[in-house]
Amino acid sequence: MIEIAKKDRIFLSPPHLSGNEMKYMQEAIDTNWIAPLGPNVDAFEVEIASYVGAKGAVAVSSGTAAIHLALSLLEIKTGDIVFCSSLTFVASANPILYQGAEPVFIDSEPETWNMSPQALAKAFEEAAFAGILPKAVIIVHLYGQSAKMDEITSICNQYDVPIIEDAAESIGSSYKGKQSGSLGKLGVFSFNGNKIITTSGGGMLVSNDTVALQKARFLATQSKDPAPHYQHSKVGFNYRMSNILAGMGRAQLEVLEERIISRRSIFLRYYQELSHMPGIHFMPELKNTMSNRWLTALTIDESKTGVSTDVLLQALVKANIEARPVWKPLHLQPLFKGMKYFPHQEHLNVSEQLFMTGICLPSGSNMTEENLMRVIDCIKDELNQRV
Ligand SMILES: *Cc1c(COP(=O)(O)O)cnc(C)c1O
């Protein structure tokens, strides 16, 4: 009997260590700084703030925690409304529910796949008419691509509503020369294991509002009042990052630029090999923006390819390749059933179309050339385009 060795699994976005992580982590161990907080945390915060050009940063246990802190800082509570991108991971909106507030979902537009300024304007008009404006707008920069921030900011400013940037997927990306995460009142990064740089689990809140950041530190450490005994007058959280993991983050930040170059060149290879095929469209990159291309995403027009997204995904799974549909829009999630939603245009739901036709391809910065070709060949085979 011939054993056919199963080809190694190709992951969507596995961690990619630099080799320098142990230096900082060992330092924490040698000095017995095995705690949330410590010198690595302080240094990591300063380094991230300086990288994005913000006045400060607070390292926390996850991106979700950072979003939750952002909403807490804006004093969002029961009965409040928060506008949020629909095409995103559930973590963008879960903290709205933690606060007892109500999300209203905003559709995408085709040029960035991110929040449609048109739909946002409509949502604001209706909210103003009803006399209940949102307390914040959460903008996501999907897969590294910046949303149309000038248009969005101008609408939000008109109503004096702050922007929280969910830049969990877009660290290192830029919009008109400005770093992702530095464009709103508060910015959020994630260092989860699947992100472009990782601390295995972790997040960061960044802002130019140092008073708000000081308050975030307070909230994230159980809201401990300044007193010799343990005194608390406000509800708090245990959200700070561990000093060991912050060490990993510092080493990862050192290679962020390299990781962006790798991810962008992986995108380019996919693009060169597949974009000529009829019915294949890659996620665009808006003029004057630079995407870190965290994940390469494309859409398939079944009427031209003859193959549906599902069939292609199945073929990739069979070849032991991890690929995923684009995020399922939150307004379609059972969790958010009955929540309000504003489409890009009447009868044009861009996020729903992207969900039905979109695929994310393996994009890890440590993917080998051989594995990249395996993915490309698998897609070509399935679409009968291999020559
Ligand atoms: C990963 C991610 C988050 C959550 O980050 P965690 O660190 O996993 O909590 C939030 N929003 C988006 C868009 C994400 O991709």
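Residues numbered from 1 in each chain as written. Predicted model: local features only at pLDDT ≥ 70, side-chain atom pairs only at ≥ 80, totals over all residues. Heavy atoms only, no water.

Draft legend 1. Spotlight on the layout of surface pockets. Approximately 260 Å³ is the volume found for the largest pocket. Taken together, 15 residues form the lining of the largest pocket, with Trp113, His281, Thr299, Leu354 and Thr357 sitting closest to its centre. Elements that contribute at least two residues to the lining of the largest pocket include exactly strand 10 (280–282), strand 12 (296–300) and helix 12 (350–357). No other element matches the four residues that helix 12 contributes to the lining of the largest pocket. (1 Å grid on protein atoms, 1.4 Å probe; cavity = no way out; pocket = protein on both sides within 12 Å on 5 of 7 lines; lining within 4 Å. Points joined across faces, edges and corners; volume = space filled by probe spheres on them. Helix = DSSP H or I, 4+ residues; strand = E, 2+ residues; numbered from the N terminus.)

Draft legend 2. How the structure looks around the sheet that holds strand 4 (residues 136–140). On the basis of which strands lie adjacent, the open sheet formed by eight strands has the order 1-9-8-5-4-2-3-14 and mixed pairing. With one partner strand each, in any of the chains shown, strand 1 (56–60) and strand 14 (341–342) form the two edges of the open sheet. When strand 5 (residues 163–166) meets strand 8 (residues 186–190), the two strands line up parallel, connected through three bridges. Looking across to strand 8, one finds that Asp166 is bridged to Val188. Against the sheet, helix 2 (residues 39–52) engages strand 1, strand 8 and strand 9 (203–207), with an angle of about 130 degrees to strand 1. (Pairing = 2+ DSSP bridges. Contact = heavy atoms within 4.5 Å. Axes fitted to C-alpha atoms, helices over the stretch in contact; angles between N-to-C directions.)

Draft legend 3. Fine view of helix 6 (residues 149–159). For helix 6, the complete set of buried residues consists of Met149, Ile152, Ile155, Cys156 and Tyr159. Projected onto a plane normal to the axis of helix 6, the buried residues spread over an arc of 135 degrees and lie on a single side. When the buried face of helix 6 is taken as reference, the exposed residues oriented beyond 90 degrees from it are Asn157 and Gln158. At its buried positions, helix 6 is contacted by helix 5 (117–130), strand 4, strand 5 and strand 6 (174–175). (Buried < 20%, exposed > 50% of the residue type's maximum accessible area, 1.4 Å probe, protein only. Arc of directions from axis to C-beta.)

Draft legend 4. Geometry of the domain arrangement of the protein chain. By domain assignment, the protein chain separates into domain 1 (21–254) and domain 2 (257–386). Across the contact, 47 residues belong to domain 1 and 40 residues belong to domain 2. Counting each side, the surface lost to burial between domain 1 and domain 2 is near 3900 Å², with a carbon and sulfur contribution of 64%. On the domain 1 side of the contact with domain 2, Trp113, Tyr143 and Ile196 bury the most area, a combined 22% of that side's loss. Our enumeration of links across domain 1 and domain 2 arrives at 24 residue pairs in polar contact (both at pLDDT 80 or more). Sorting the residues of the side of domain 1 that touches domain 2 by element identifies helix 4 (94–98), strand 3 (102–106), helix 5 and strand 6 as the ones contributing at least two each. The class makeup of the residues in the side of domain 1 that touches domain 2 is 20 nonpolar, 17 polar and 10 charged. (Domains from an automatic or database assignment. Buried area = accessible area lost by both parts, 1.4 Å probe. Polar contact = N/O pair within 3.5 Å; in protein donor to acceptor, adjacent residues only side chain to side chain. Nonpolar A, V, L, I, M, F, W, Y, C, P; charged D, E, K, R; others polar.)

Draft legend 5. Local environment of the nonpolar core. Core analysis: the biggest nonpolar cluster contains 35 residues, and Ile48, Tyr143, Phe189, Phe191 and Met204 have the highest contact counts within it. Take this core: its biggest share by element is five residues, from helix 2. Here this core gathers at least three residues from each of two domains, domain 1 (21–254) and domain 2 (257–386). The contacts of Met204, once residues within four sequence positions are left out, are Phe44, Glu45, Ile48, Ala57, Val58, Ala59, Val60, Ala66, Gly187, Val188, Phe189 and Phe191. Formed by 33 residues, the second largest nonpolar core is a distinct cluster that contains Ala70, Cys84, Val188 and Phe336. (Core = buried A, V, L, I, M, F, W, Y, C linked by side-chain atoms within 4.5 Å.)

Draft legend 6. Focus on the packing of helix 1 (residues 21–30) against helix 8 (residues 243–254). The N-to-C vectors of helix 1 and helix 8 enclose an angle of 155 degrees; their axes lie 8 Å apart at closest approach. Judged by the inter-axis angle, helix 1 sits roughly antiparallel to helix 8. Crossing of helix 1 against helix 8: the hand is right-handed. In this structure, helix 1 contributes Glu21, Tyr24, Met25 and Ala28 to the contact, and helix 8 contributes Asn243, Ile244, Gly247, Met248, Arg250, Ala251, Gln252 and Glu254. Grouping the amino acids of the contact of helix 1 with helix 8 by side-chain chemistry returns six nonpolar, three polar and three charged. (Parallel < 35°, antiparallel > 145°, perpendicular 65-115°, else oblique. Left-handed = near helix turned anticlockwise from the far one by under 90°.)

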